[in-house]
Amino acid sequence: MGAITKAAEAKSAIQKQPSVNQLMNSILDGEGMRKRFQDLMGERAPQFISSIVSLVNADKNLQRAFYESPMTVIQSALKAATFDLPVEPSLGYAYIVPFNNYKDGVKRMEASFIIGYKGMVQLCLRTGAYARVPDAVDVREGELVSYDRLTGDAEFRWIEDEDQREALPIIGYAGYFRLKNGAEKTIYMTVKQIEGHEKKNRKG
C-alpha cells in the first residue's frame, strides 16, 4: 500500500511541475532576459527561444538541467544568441550540453554552451581575415611524412585512391589555416593525443 501511495504522490508531483515552456516564459519575463534576446536577435528572438524549448523537451538530461539549474540553460542559449549561432545539434554550429556538476558537495545537472566546429569556422569567416578558412582532415597510416611540433611545418603524402585510403586506419588529424596577411599554421595531433586531451578536459 505504501508503494502505491508513493507512486501516486510522485505522479502528482510530476503533474504539478510546470512545463518547459511555462518555466521558460516565467524566467524570461521575471529576470528580464527576454529583452536581452530581443536586443541580440531582433525579430528572430521568438523563433530562437522556441527552438531552445524544443531542444530541452527532446533531451531528458537537458530537461533535468533546466529544472535543476534553469539559468545555466538560458545563459548558454544567450551565448549562442550572442554569436548568432543555431543550437540545433544536427547543424553542428553550437550545442547546449548537460553535465553532472558538483557544487558545495551537491550534485546537480547544469548546462554549458559549447561551440561546434562549423560554428568556429563561421566566426572565422565573419572576420574577413582568412585567406584559407580553417579546416581539418583525418590522416591515414602512411600519409604522415614529417611534422615539427615547434614550427608547425608538416609534410604529408596523401593517398589518392579513396578505396585504398578508407581501408587504412586513422592515425591522427591535421588542421590548417592561412590569414590574408600571410600568417599560416598547421597542427597535427595523433589519435592518442586527442583522446588524452578529451579525457583530461571531460566533465561529468
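Basis of the calculations
- Residues numbered from 1 in each chain as written.
- Predicted model: local features only at pLDDT ≥ 70, side-chain atom pairs only at ≥ 80, totals over all residues.
- Heavy atoms only, no water.
- Helix = DSSP H or I, 4+ residues; strand = E, 2+ residues; numbered from the N terminus.
- Rg over C-alpha atoms; globule rule 2.2 N^0.38 Å.
- Buried < 20%, exposed > 50% of the residue type's maximum accessible area, 1.4 Å probe, protein only.
- Contact = heavy atoms within 4.5 Å.
- Lys, Arg positive; Asp, Glu negative; His and termini not counted.
- Charge placed at Lys NZ, Arg CZ, Asp CG, Glu CD.
- Pairing = 2+ DSSP bridges.
- Axes fitted to C-alpha atoms, helices over the stretch in contact; angles between N-to-C directions.
- Core = buried A, V, L, I, M, F, W, Y, C linked by side-chain atoms within 4.5 Å.
- Parallel < 35°, antiparallel > 145°, perpendicular 65-115°, else oblique.
- Arc of directions from axis to C-beta.

**Q** Would you mind going over the overall build of the chain with me for this structure?
**A** Each helix and strand in the chain was counted, giving nine helices and seven strands. Its C-alpha radius of gyration of 23 Å places the chain more than 25% over the 17 Å reference for a compact globule of 204 residues. C-alpha atoms of the chain, sized along the principal axes, occupy 70 × 45 × 35 Å. Expressed as a percentage of its 204 residues, the buried residues of the chain come to 28%. For the chain, contacts bridging at least 24 residues in sequence account for 54% of all contacts bridging at least 6. Side chains of the chain carry 28 positive and 26 negative charges; the gap between the two charge centres is 8 Å.

**Q** Would you mind going over the sheet that holds strand 3 (residues 130-140) with me for this structure?
**A** In a beta sheet, neighbouring strands pair by backbone hydrogen bonds and run either parallel or antiparallel. The sheet built from three strands is open, its strands ordered 3-6-7 with antiparallel pairing. The open sheet has two edge strands with one neighbour each: strand 3 and strand 7 (184-190). If you compare each strand with its neighbour and ignore which way they point, the axes differ by 10° on average. Of the strand pairs in this sheet, strand 3 and strand 6 (residues 170-179) are connected by eight bridges, and their pairing is antiparallel. Bridged to Asp138 within strand 6 is Tyr173. Those strands touched by helix 9 (residues 191-201) are strand 6 and strand 7, and its axis lies near 85° from that of strand 7.

**Q** Can you help me understand the nonpolar core in this one?
**A** Generally speaking, soluble globular proteins have nonpolar side chains that are buried together. In this structure, Met24, Phe37, Phe48, Ile52, Phe66, Ile74 and Ile96 are the most contacted members of the largest nonpolar core, which totals 31 residues. Secondary structure elements with two or more residues in this core: helix 2 (20-30), helix 3 (33-41), helix 4 (45-57), helix 5 (60-68), helix 6 (70-82), strand 1 (94-103) and strand 2 (106-115). The element that contributes the greatest number of residues to this core is helix 4, accounting for seven residues.

**Q** Just to check I follow, could you spell out the packing of helix 2 against helix 6 for this structure?
**A** To describe two helices that pack against each other, one gives the angle between their axes and the distance between the axes. It is the contact of helix 2 with helix 6, at a shortest axis distance of 11 Å, that shows an interaxial angle of 75°. Here helix 6 runs roughly perpendicular to helix 2, going by the angle between their axes. Between helix 2, through Met24, Ile27 and Leu28, and helix 6, the contact on the second element is made entirely by Pro70, Met71 and Ile74.

**Q** Explain the pairing of strand 6 here, please?
**A** It is a general feature of regular strands that their side chains alternate between the two faces of the sheet. In this sheet, strand 7 lies alongside strand 6 in antiparallel orientation, the contact comprising seven bridges. From the neighbouring strand, Gly172 faces strand 7, where its bridge partner is Thr190. The hairpin turn running from strand 6 into strand 7, its antiparallel successor, is four residues long, and Gly182 in that turn takes a positive phi close to 100°.

**Q** Looking at this model, I keep getting lost on the pairing of strand 2. Mind explaining?
**A** Of the strand pairs in this sheet, strand 1 and strand 2 are connected by ten bridges, and their pairing is antiparallel. When the bridges of strand 2 are listed, Ile96 appears paired with Phe113.

**Q** What is the right way to look at helix 2 in this model?
**A** Taken together, the buried positions of helix 2 are occupied by Val20, Leu23, Met24, Ile27 and Leu28. For helix 2, the angular spread of buried residues about the axis comes to 130°, placing them on one side. Residues of helix 2 that are exposed and point over 90 degrees away from its buried face: Asp29 and Gly30. In the core, the buried residues of helix 2 are packed alongside helix 3, helix 4, helix 5 and helix 6. Phi for Gly32, located one or two positions after helix 2, is positive at around 70°.

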